[in-house]
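Geometric and topological summary
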Amino acid sequence: MEAGGVEVKEGVKRVLVVDDSPVDRRVAQLLLSSNSCAGSFHVIAVDSAKKAMEVLGLKDGEEQQAIDMVLTDYSMPEMTGYDLLKAIKALNLLKPIPVVVMSSENEPQRINRCLNAGAEDFIIKPLQSKDVQRIRSCCAARPKGSASAPCDAVSKRTLPLPSDQLAAAPASGRPGHLTGVAMVLRSSRADWLSQYLPLLFKLVLMAYAVVCLGELLHRWSSGGGRSLSL
């Protein structure tokens, strides 16, 4: 969890990402902080709904941080994203915090349950770059008393699938997690090269020097042996 004392520029939205999966948290951080939307989001990431409650000041004695939107996973141990959603919406503030729920399972009942509880959107994981605009559009808090209508793109992304497609759909989100892992690896490639390339270059030079020294010793020993035989 990032420190609450970080200064955020004007116009930058503070997004609280809540997910118990390190890969999914990292994917969300990379997408929301990418160059394509630089300056739009300041990401604070936590690994549980309970920690999110602390950040939001929903626990007694906790100092509240200014958060513009919550992006939470649905399935988490101890306290689910749905429970967190209900706790946030129960505050009944003049400007309630927008909440977007994520899940690797495309279940219509789950989607409707969250939307009826006040979620601004429901996104199927893994999070993709095209979802960033949906999240940005949900950052604007709705006026008090407005309907719990989702953002524009939710109806296209989360409509119940036909029965034949549901039968063919994978039972778990493992392919999505593999996609997320690949995204993290690609994004980390540049950092890895900048950190380890100089060390690798030094190792190559050392190996070359050892080879050259070995060749010189071999020639010297061969020359010395011929001089002794004469």
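Residues numbered from 1 in each chain as written. Predicted model: local features only at pLDDT ≥ 70, side-chain atom pairs only at ≥ 80, totals over all residues. Heavy atoms only, no water.

An unreviewed UniProt entry lists the protein chain under the name Response regulatory domain-containing protein, with Urochloa decumbens as the source organism.

A short note on the pairing of strand 3 (residues 69–73)
Within strand 3, five of the five residues are buried, which leaves the element mostly enclosed by the surrounding structure. Across the two faces of strand 3 the burial is the same, with Met69, Leu71 and Asp73 and Val70 and Thr72 all buried. Strand direction decides the pairing type here: strand 1 (residues 13–18) and strand 3, joined by four bridges, are parallel. Residue pairing across strands places valine 17 opposite leucine 71, the latter belonging to strand 3. Sheet topology note: the strand 3/strand 4 (residues 99–103) ladder contains four bridges and is parallel. Within strand 4, the residue paired with threonine 72 across the bridge is valine 101. (Buried < 20%, exposed > 50% of the residue type's maximum accessible area, 1.4 Å probe, protein only. Helix = DSSP H or I, 4+ residues; strand = E, 2+ residues; numbered from the N terminus. Pairing = 2+ DSSP bridges.)

A few points about the side chain of threonine 72
Here threonine 72 shows up in strand 3. Relative accessible area serves as the criterion here: at 0%, threonine 72 is assigned to the buried category. For threonine 72, the residues in contact, after removing those within four places along its chain, are Val18, Gly81, Leu84, Val99, Val100, Val101 and Met102. (Contact = heavy atoms within 4.5 Å.)

Brief notes about the packing of aromatic side chains
Counted according to the given criterion, the structure contains zero aromatic pairs. One cation-aromatic arrangement involves arginine 113 over tyrosine 82; the distance from NZ or CZ to the ring centre is 3.8 Å. (Phe/Tyr/Trp six-rings, centres within 6.5 Å; stacked < 30°, edge-to-face > 60°. Lys NZ or Arg CZ within 6 Å of the ring centre and 35° of its normal.)

Some details on the packing of helix 2 (residues 49–56) against helix 3 (residues 81–89)
Where helix 2 contacts helix 3, the two axes come as close as 10 Å, and the packing angle between them is 20°. Relative to helix 3, helix 2 is oriented roughly parallel. The interaxial crossing formed by helix 2 with helix 3 has right-handed handedness. Contacts from Ala49, Ala52, Met53 and Leu56 in helix 2 reach Leu84, Ala87 and Ile88 in helix 3. (Axes fitted to C-alpha atoms, helices over the stretch in contact; angles between N-to-C directions. Parallel < 35°, antiparallel > 145°, perpendicular 65-115°, else oblique. Left-handed = near helix turned anticlockwise from the far one by under 90°.)

Describing the UniProt feature "modified residue: 4-aspartylphosphate" (unreviewed entry) in the protein chain
Per the UniProt entry, the sites bearing "modified residue: 4-aspartylphosphate" (unreviewed entry) are Asp73 in this numbering. Apart from the residues within four sequence positions on either side, aspartate 73 is in contact with Val18, Asp19, Asp20, Gly81, Met102, Ser103 and Lys125. (UniProt positions renumbered as here; feature names shortened; annotations may be inferred.)

Re empty space enclosed by the protein
Within the structure shown, the criterion is met by one cavity of 30 Å³ or more. In this structure, the largest cavity occupies an estimated 30 Å³ of space. Along its surface, the largest cavity is lined by Asp19, Asp24, Val27, Met102, Lys125, Pro126 and Leu127. Here the residues of the lining of the largest cavity are counted per class, giving four nonpolar, no polar and three charged. (1 Å grid on protein atoms, 1.4 Å probe; cavity = no way out; pocket = protein on both sides within 12 Å on 5 of 7 lines; lining within 4 Å. Points joined across faces, edges and corners; volume = space filled by probe spheres on them. Nonpolar A, V, L, I, M, F, W, Y, C, P; charged D, E, K, R; others polar.)

Some words on the environment of glutamate 78
On the secondary structure map, glutamate 78 appears in the loop between strand 3 and helix 3. Between the C-alpha atoms of glutamate 78 and alanine 49, which are 29 residues apart in sequence, the distance is 8.3 Å. At 3.1 Å, the side chain of glutamate 78 forms a polar contact with the side chain of lysine 50. (Polar contact = N/O pair within 3.5 Å; in protein donor to acceptor, adjacent residues only side chain to side chain.)

Looking at the nonpolar core
Nonpolar side chains tend toward joint burial in soluble globular proteins. Grouped together as the largest cluster of nonpolar side chains are 27 residues, with contacts concentrated most on Leu16, Val18, Val70, Leu84, Val101 and Cys114. Those elements that place two or more of their residues in this core are strand 1, strand 2 (41–46), helix 2, helix 3, strand 4, helix 4 (108–116) and strand 5 (121–124). Considering every element that reaches this core, the biggest residue donor is helix 2, with five residues. Sequence-distant contacts of valine 101, defined by excluding residues within four places in its chain, comprise Thr72, Tyr74, Leu85, Cys114, Ala119, Asp121, Phe122 and Ile123. Grouped together as the second largest cluster of nonpolar side chains are 19 residues, Val27, Val43, Val132 and Cys139 included. (Core = buried A, V, L, I, M, F, W, Y, C linked by side-chain atoms within 4.5 Å.)

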